[in-house]
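# Inside the fold
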Amino acid sequence: MTEPVRILVVGGGYVGMYAALYLQRELRRDEAHITVVDADSYMTYQPFLPEAAAGNVEPRHVVVPLRRVLGKCRILNGWVVSVDPVHRTVDLCPHGGPGRTLEYDLLIFAPGSVSRTLPVPGLAETGIGFKTLEEAIHLRNHVLGRLDLADSTTDAAVRARALTFVFVGAGFAGVEALAELEDMAHDACAYHPTVEPGDMRWFLVEATDRILPEVGPEMGRWTLEQLRGRGIDVRTRTRLRSAVGGHIELDDGTAFDADTLVWTAGVRPHPLVRASGLPLDGKDRVRATPRLTVEGFDDVFTAGDCAAVPDLTKPGELCAPNAQHAVRQARTLAGNVVATIRGRGLRPYRHAYAGSVAGLGLHQGVAQIYGHKVRGLPAWFLHRTYHLSRIPTLNKKVRVAVDWALALLFRRDIVSLGQFSRPREEFERAARVERAERRERAEQTAPG
Ligand SMILES: Cc1cc2nc3c(=O)[nH]c(=O)nc-3n(C[C@H](O)[C@H](O)[C@H](O)COP(=O)(O)OP(=O)(O)OC[C@H]3O[C@@H](n4cnc5c(N)ncnc54)[C@H](O)[C@@H]3O)c2cc1C
């Protein structure tokens, strides 16, 4: 009897999780052992991050626990630091203790992407991305915290700085995050007596001449007018020149201070890709064949944001890094893994981009699907129903739907839990004060 094939999945995001879901359903235990490795114990449903940041959806409800949904797989958590595709090994650093080497027969390589930054002075020190749940939660607390500060200070400069919010990059993530957070802050002003919505300044800075290219030029223009109508200062053909110490300088000559700088100017393949020993293209993406194997390695499969996958519907072009492709590629990829194990032929990946939907805050949205343009309330409804149908597991669907239903009945929660990012601060302060008190008492009772 032959040994079960060892399948190793690096990255439990869209590609990794959906591929593993398919494989655990298709393959018998005596056919394959599946191990999924991810830095986190959950998959993040990124399209819901803007809603989580705005408090419309509970943050825990936009993540899917890998150990629960992948019950027939072995889940390991930690950072994969290198891949050796020749000796078929992967080096893993768990979040504590010594590292370990994992062996595989078939590898699914899907570490996704990270924010693509530029060498703008001050950006790394003052900016924040919008790709993870941690960033979304931090931004929610931070924005609400700035309103609390503005309402409490008597210093005009501190107040102006606190009420200035800058987003750089007007793709999906930037536009949705800004629109949702501005909408939340607008509502929150009602509870800050000295802060009017008009006191806040929201900037969207974009280097090209259009925003939200994912929904086409006409809907992009409509979105631009919509955002400007809400008082958001959208600057196209403009770049961030400097952000040192929170002093923002744009290349159109504008300069001001801001406490909030969100960088959403695109993504690049995860740095692990460069340490993978796999063939890369000029943009550091893994070179994939149309069958989603890696060029030159029949035992390594790849897809998603980290991979250069040929778009067979547009010869000469590559598939864009988005969830629409990632989910469908995961299905084709997993089918080809099963085909490899069972000695069948592999299928090429082919999917014509269907269009996009984006939420722009409560009751506002924009969409272009199969050429149909939708805007306003119907687009917002489409955005919600589409993503509700897509988020994995019935459990999460119900929880998200309940969150939305409660948001219709009750007012939005506008409390800033700023201490969440510094949970030990209060305890350290208490210990410091006690230490000082003990020293003081000892000095008072010391003889002489
Ligand atoms: C705010 C936001 C909104 C979006 N909205 C949409 C949308 O509406 N529609 C759409 O089509 N797309 C959208 N996208 C894009 C979409 O989410 C991505 O294209 C998709 O997640 C890519 O899937 P992936 O599997 O390649 O990567 P990911 O889903 O990012 O998964 C990669 C996984 O690999 C893990 N990992 C990375 N490196 C390591 C390592 N060294 N060791 C261990 N684990 C590692 C990560 O923890 C992660 O879990 C959005 C993205 C963002 C940020």
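Note that the structure is a prediction, hence the values are computed from the model and not measured.

This part takes up the packing of aromatic side chains. Enumeration over the complete set of coordinates arrives at 7 aromatic pairs. Aromatic side chains Phe48 and Trp404 sit 5.7 Å apart centroid to centroid with 80° between the ring planes, which places their arrangement in the edge-to-face category. A residue pair is termed long-range when its members are at least 10 positions apart, and Phe48 in the loop between strand E3 (42–44) and helix H2 (49–54) and Trp404 in helix H11 (residues 394–409) qualify at 356 residues. Of the residues examined, Phe48 reaches a relative accessible area of 0% and is grouped as buried. An aromatic cluster of at least three residues, connected via ring pairs, comprises Tyr14, Tyr18, Tyr45, Phe48 and Trp404.

All right, on to the nonpolar core then. In this structure, Ile7, Phe109 and Trp202 are the most contacted members of the largest nonpolar core, which totals 112 residues. Tallying contributions element by element places helix H7 (residues 172–188) first for this core, with 8 residues. In terms of domain composition, this core takes at least three residues from each of domain 1 (5–114 + 268–341) and domain 2 (123–265 + 355–409). Aside from chain neighbours lying at most four places away, what touches Ile7 is Leu23, Leu27, Ala32, His33, Ile34, Thr35, Leu106, Ile108, Val337 and Ile341. Judged by nonpolar contacts, the second largest core, of 14 residues, contains Val120, Leu123, Phe203 and Trp263.

Taken domain by domain, the protein chain consists of domain 1 (5–114 + 268–341) and domain 2 (123–265 + 355–409). If you average the C-alpha positions of domain 1 and of domain 2, the two centres end up 29 Å apart. Each side of the interface is counted separately: domain 1 has 32 residues, and domain 2 has 29 residues. Across the salt bridge formed by Glu51 and Arg384, the nearest N and O atoms sit 2.9 Å from each other. Where domain 1 packs against domain 2, one counts 14 residue pairs in polar contact (both at pLDDT 80 or more). Ranked by residues supplied to the side of domain 1 that touches domain 2, first place goes to H2 with 6 residues. Classifying every residue of the side of domain 1 that touches domain 2 by side-chain character gives 20 nonpolar, 6 polar and 6 charged.

Within the open sheet, the 3 strands sit side by side as E13-E14-E15. Their pairing is antiparallel. Each edge of the sheet is formed by a strand with only one pairing partner; in this case those strands are strand E13 (240–242) and strand E15 (255–257). Here the average twist between neighbouring strands, direction ignored, is 35°. Pairing of strand E14 (residues 247–250) with E15 involves 3 bridges; the strand directions are antiparallel. When the sheet's bridge partners are listed, Glu249 is paired in E15 with Ala255.

Quick look at the sheet that holds strand E1 (residues 5–10) now. What holds strands together in a sheet is hydrogen bonding between their backbones, with the strands either parallel or antiparallel. Spatially, 8 strands are ordered E7-E6-E5-E2-E1-E8-E20-E19 in an open sheet, and the strand pairing comes out mixed. Every interior strand has two partners, whereas the edge strands, strand E7 (100–103) and strand E19 (293–294), have only one. Its contacts with the sheet put helix H1 (residues 14–26) on E1, strand E2 (32–38) and strand E8 (106–109), and the angle it makes with E2 is roughly 160°.

The next subject is the pattern of salt bridges. Applying the stated rule across the entire model yields 23 salt bridges. One salt bridge connects Arg375 with Glu218, and the closest N-O pair in it is separated by 3.6 Å. With Arg375 in strand E24 (residues 372–375) and Glu218 in helix H8 (residues 216–229), this residue pair connects regions lying 157 residues apart in the sequence. Where salt bridges share partners, they join Arg28, Asp30, Glu31 and Arg342 into one cluster.

Criteria and thresholds
Residues numbered from 1 in each chain as written. Predicted model: local features only at pLDDT ≥ 70, side-chain atom pairs only at ≥ 80, totals over all residues. Heavy atoms only, no water. Phe/Tyr/Trp six-rings, centres within 6.5 Å; stacked < 30°, edge-to-face > 60°. Helix = DSSP H or I, 4+ residues; strand = E, 2+ residues; numbered from the N terminus. Buried < 20%, exposed > 50% of the residue type's maximum accessible area, 1.4 Å probe, protein only. Core = buried A, V, L, I, M, F, W, Y, C linked by side-chain atoms within 4.5 Å. Domains from an automatic or database assignment. Contact = heavy atoms within 4.5 Å. Salt bridge = Lys/Arg side-chain N within 4 Å of Asp/Glu carboxyl O. Polar contact = N/O pair within 3.5 Å; in protein donor to acceptor, adjacent residues only side chain to side chain. Nonpolar A, V, L, I, M, F, W, Y, C, P; charged D, E, K, R; others polar. Pairing = 2+ DSSP bridges. Axes fitted to C-alpha atoms, helices over the stretch in contact; angles between N-to-C directions.

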